[in-house]
Amino acid sequence: MKRYVDVILPLPLAQRFTYVLSDEISEQVQIGCRVVVPFGQKKFYTAIVCRIHQHAPEGYEVKEVQSLLDDSPILVSQQFRIWQWIADYYLCTEGDVYKSALPAGLKLESETFVECKAGVEVEVQLSKSEQRVLSLLTDSPVQSVKNLEKDSGIKNIFPVIKSLLDKGAIILKENLRTTYKPKVEIHVRLTSEMRDKARLHQVLGEIERAPKQFTLLMKYIDLSGLLNGGALNEVSKKELLVKSGISLSVFSALEVKHVFETYDYVIGRLGTSHLSAVVDSKELNEYQQCAYDEILQRFKEKNVCLLYGVTSSGKTEIYIHLIEEMIRQGKQVLYLLPEIALTTQITTRLQQVFGTHLGVYHSKFSDSERVEIWQKQLSTHPYDVILGVRSSVFLPFRNLGLVIVDEEHENSYKQQEPAPRYHARNVAIVLASMYGAKTLLGTATPSVESWYNATTGKYGLVCLKERFKNIQLPEIIPVDIKELKRKKRMNGLFSPLLMSCMHEALENKEQVILFQNRRGFSQMVECKTCGWVPKCQNCDVSLTYHKSTHQLTCHYCGCTYDVPKVCPACGETDLMNRGFGTERVEDEIKCCFPEAKVSRMDLDTTRTRSAFEKIIADFEQSKTDILIGTQMVSKGLDFDHVSVVGILNADSMFNYPDFRAYERAFQLMEQVAGRAGRKNKRGRVILQTHDIENPIISQVINNDFDGMVNELLAERKLFHYPPYYRLIYVYLKYRNEALLDKAALMMADKLRAVFGDRVLGPDKPPVGRVRMLYIKKIVIKIEQDASMSLARERLLSIQKEMLNNDCPRSISIFYDVDPM
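What counts, and where the lines are drawn
Residues numbered from 1 in each chain as written. Predicted model: local features only at pLDDT ≥ 70, side-chain atom pairs only at ≥ 80, totals over all residues. Heavy atoms only, no water. Axes fitted to C-alpha atoms, helices over the stretch in contact; angles between N-to-C directions. Helix = DSSP H or I, 4+ residues; strand = E, 2+ residues; numbered from the N terminus. Left-handed = near helix turned anticlockwise from the far one by under 90°. Contact = heavy atoms within 4.5 Å. Nonpolar A, V, L, I, M, F, W, Y, C, P; charged D, E, K, R; others polar. Pairing = 2+ DSSP bridges. Buried < 20%, exposed > 50% of the residue type's maximum accessible area, 1.4 Å probe, protein only. Phe/Tyr/Trp six-rings, centres within 6.5 Å; stacked < 30°, edge-to-face > 60°. Lys NZ or Arg CZ within 6 Å of the ring centre and 35° of its normal.

On to the packing of helix H6 (residues 197–206) against helix H7 (residues 211–224). One can describe the packing of H6 onto H7 by two numbers: an axis separation of 9 Å at closest approach and a directional angle of 145 degrees. As for how H6 packs across H7, the hand of that crossing is left-handed. Touching Leu 200, Val 203 and Leu 204 of H6 are Phe 214, Leu 217, Met 218 and Ile 221, all from H7. Residue classes in the contact of H6 with H7 are distributed as 7 nonpolar, no polar and no charged.

In C-alpha cells, the structure reads:
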C-alpha cells in the first residue's frame, strides 16, 4: 500500500502539503527527515516530514518525493511543537518558522539556470542587453541567473531572460543548490597491499637504501600506532610531512610505489585545539550563595524565576554554578544572550570552566559552522551547554534541563524582520516547559512585564542587591547641557565636568566609555538657508552622514548617496550637519585627546566576528583608553579599569513616541552606568541632558527602579498597555498609497466589528514608507485572559476576506504580537 507524507515547506504558506513516497525510500523515511519535493513550476525545495500516513488526498494528483536527504531525523519532537506554538502565537506560518530556524546549509533549494539552445539562429533583432546575455552564454552555455546578472551588469535581468525565452534562444532549467560542504583534510594510509605484514617487511627492506623514504614510512608507522595493535590513529598528510621533515616529492615516490594512498577525512569546523586547561568555578560569596540557594528553592515551586541583581553583583558566577549542577544531573543548558558582542567575553569565561562541553551559536559564525553545531546536537555526544543569541532557541536538544536568559529586558531578543517576529525570552520559557526544564531570567533592570509576573506570583523572584566585593554603585552626576550651551561653555559635545573627569581618568591610566545611541557622523544634513534635508528615495526618512565613506546612508534600506555640494531647493552651498552619532564623537575625542588610544563599537565597526573580538580584547587588555559605542557597550560587558562613563545625550532615549520609551531609557542608562567602577573603586557617570528636571533623570541617579516601575504600571493599567493587555500591531504594506489607505480603513472597520474599541487606527507609523512600500499600522489591545487562539482565528479570517474580495492580493498584511 502506498505511503504518503505531509511536509512543511520553507515558504510563507499556511498549510502543510502531501506527497507520495516511492517504493525505494518508503520504509526509510522518518518524521523529522528532510526530503526534496517539487513545488510549483519545476521548482524544488527541501521539505521537513511531519507526518507519515496511508491516506491518499482526493481531488488532485499527488506529486512524488524526489529524494530523501537524511538517514535519521534532523528535528526532535519538541522542535515541531515549538514551531507550531510560534506559528500560532505570533500569527505567522510554520514555513516562516522553518526558514528562520534551520541554517541555510540544511535547506537545499533549486536555482534557475539558463542554457543557450545549440544551433538555433534567432531571426528577430536582439537588443544590446539580449546580445550581451547570449554572448556570455556562448562562452559558457549553462549559467545561473545570479551569475548572468552579475557578469552582464544588467540590474534587472528577468525581462531580458523572458524576452530571449519567448524568442526561442534559451531554455530554463532548475538545479538543486547546496551551500554546505563538510570540511575535509587529506589523510594518509597504507594501501591494501601494504597491510599484509610480510609484504610491508619486504618493502621496508627494499627502501632501506633510500633513507628518506624509509624515514617517512617509519614515521607513519609510529604516528598511526601500527605496531601497537588495535585501531590505527588517523594521520594527516600535513602532519606526516611536518613531523618527519621529509619533502612532498619523497611522499609522492611512495605513492607511485603503492605504499601510501590518500583519502579525504572529515574533520569538521568545531575545533577545540585552542582551548586551555579547564579550571574550577570560583567560590560564591555569601550574597551569591544565598541567591543561588533561593533560586533552587524557587524552582521547586515555579518553572520560571527572575534573578534581579544589580550590575556587577556576580550573576554570571551564579549561572556557572547552576550549569554545573545541571551537568551533574546529566542535563543540557541553553544560555541566551541578547548581543553577539556579549558572547565574546562570556565564551572565554565559560570555556575556562566547561571546556569542550560548551558550544557557541550565533549569526557571525559561518553557515557551515552552524550546520555542524546542529549536527553535533543531534549526535550521541552533544554539547552540554549552548551559549548563543535568540536563534539558539531553534537548536535540537535531547535533555534540556535549564534555560538562562541573561539581560532578559533587552529588546534585541525580539525578532523584527522577517517573520516569525518572535521574542526569544518568551519562546525560551515555552520551550523549557516542553522539556520539563526550568527558566532563569537574569537582569539588573527587569522588563516591566517580567517584574509584574514576578511580583504577582507567576514567576519566582530572587534579589541580589550587593555588588561583588561590596564595590559601591557608581556616582551618577547630571549635567544641564542646555544651560551650558546657552553660556557657550560646552567643549563641542562634552561638558566641562566630563572633560575634567576624562582627563583625570587618563592621567591615572584608567579607561573611559562614552555612550551615544546613534551611529554615523551626523543625524542629518540640513541647508542653513531654506532648511532642506536630503531624504532617501525609497523610504520616508532623512539620510545619515557617514564621514568615513563621505556618503549619506539610509539606515532602513541601506541605500547610499553622494553628499550634495549645493542645496537643490535654493542653490545655496551652506549645508550643515545636524545631530551627532558615534563617528562624530570619535572624531572630536581624537582632537581633544590626541595621545589617547580610541576605539568605536557600533554596527559599522563590528560587521565581522573578529572585529567584535578585537575591539573587546583590546579594551580588556588596556590597549584602548576610550571606547565609544552605541547600546552594544551597555549589555553586560565587564571591564576592570573603567572609572568614567559619559552618557552624551540622555534626551534622545526618552523623547521618542513609544509607550516603552521611559522604560528603555531607564534600562539603558542604568546598564551603561553599571560599566563604571566594576572592580577596583567607585566609578563616576556623567549624564548630559537638556531636561534635568525630567523625573527619569532623578530615578536613574537614585537607582530607583521601584519608583520607575510603579509609575509605569499605574500608567499602563490606565491606558490598557502590557502587562495588563496584550498588543497586536497589524501592518499593511503596498506600493500605491491611495489604495493602501483605502484597504487600511476597510480592515480597521472589519476589525472594529469584531474587537470593538480595542482597535486603534489605522495610523501612519513614524517611518511611513520603507523600500518603496507605504505602511499603515492598526493597534489591537487584547485582555490578558482573552483567548489568543480565538483572536488569531478572527484576524486570519478577516485577512483572508480582505485579500479575496476587498483589496489587491499583492497587499502585504502581517502581524507583530507583543511588539517591542
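Still to come is the rest of the account.
Attention now goes to the sheet that holds strand S16 (residues 400–406). Here 7 strands make up an open sheet; going across it, the order is S14-S15-S13-S16-S17-S12-S18 and the pairing parallel. With partners counted over all chains shown, the strands left at the sheet margins are strand S14 (358–361) and strand S18 (460–464), one partner each. Adjacent strand axes in the sheet meet at a mean angle of 15 degrees when their direction is disregarded.

You can see Asp 618 is positioned in helix H19 (residues 609–620). Of the residues examined, Asp 618 reaches a relative accessible area of 15% and is grouped as buried. A C-alpha to C-alpha distance of 8.9 Å links Asp 618 and Ser 599, two positions 19 residues apart in sequence. Apart from residues lying up to four places away in sequence, Asp 618 is in contact with Lys 623 and Thr 624.

A separate point is the sheet that holds strand S24 (residues 560–562). The sheet built from 3 strands is open, its strands ordered S22-S23-S24 with antiparallel pairing. A strand with exactly one partner marks an edge of an open sheet, and here the two such strands are strand S22 (544–546) and S24. Averaged over neighbouring strand pairs, the angle between their axes works out to 35 degrees when direction is ignored. Two elements, strand S23 (residues 551–553) and S24, share 3 bridges in a ladder whose sense is antiparallel. Bridge assignment links Leu 552 to a residue of S24, and that residue is Tyr 561.

We now examine the packing of aromatic side chains. Under the criterion given, the structure shown has 20 aromatic pairs. The interplanar angle of 75 degrees and the centroid separation of 5.2 Å between the aromatic rings of Phe 394 and Tyr 422 together place this pair among those described as edge-to-face. Of this pair, Phe 394 sits in the loop between strand S15 (385–388) and S16 while Tyr 422 sits in the loop between S16 and helix H14 (424–435), placing them 28 residues apart in sequence. Residue class for Tyr 422 comes out buried when judged on its relative accessible area of 2%. Following the ring pairs from residue to residue traces out a cluster consisting of Tyr 308, Trp 451, Phe 666 and Phe 705. In this structure, Arg 189 packs its charged tip against the face of Tyr 263, placed 4.1 Å from the ring centre. Above the ring of Tyr 721, the side-chain terminus of Lys 781 is found at 3.9 Å from the ring centroid.

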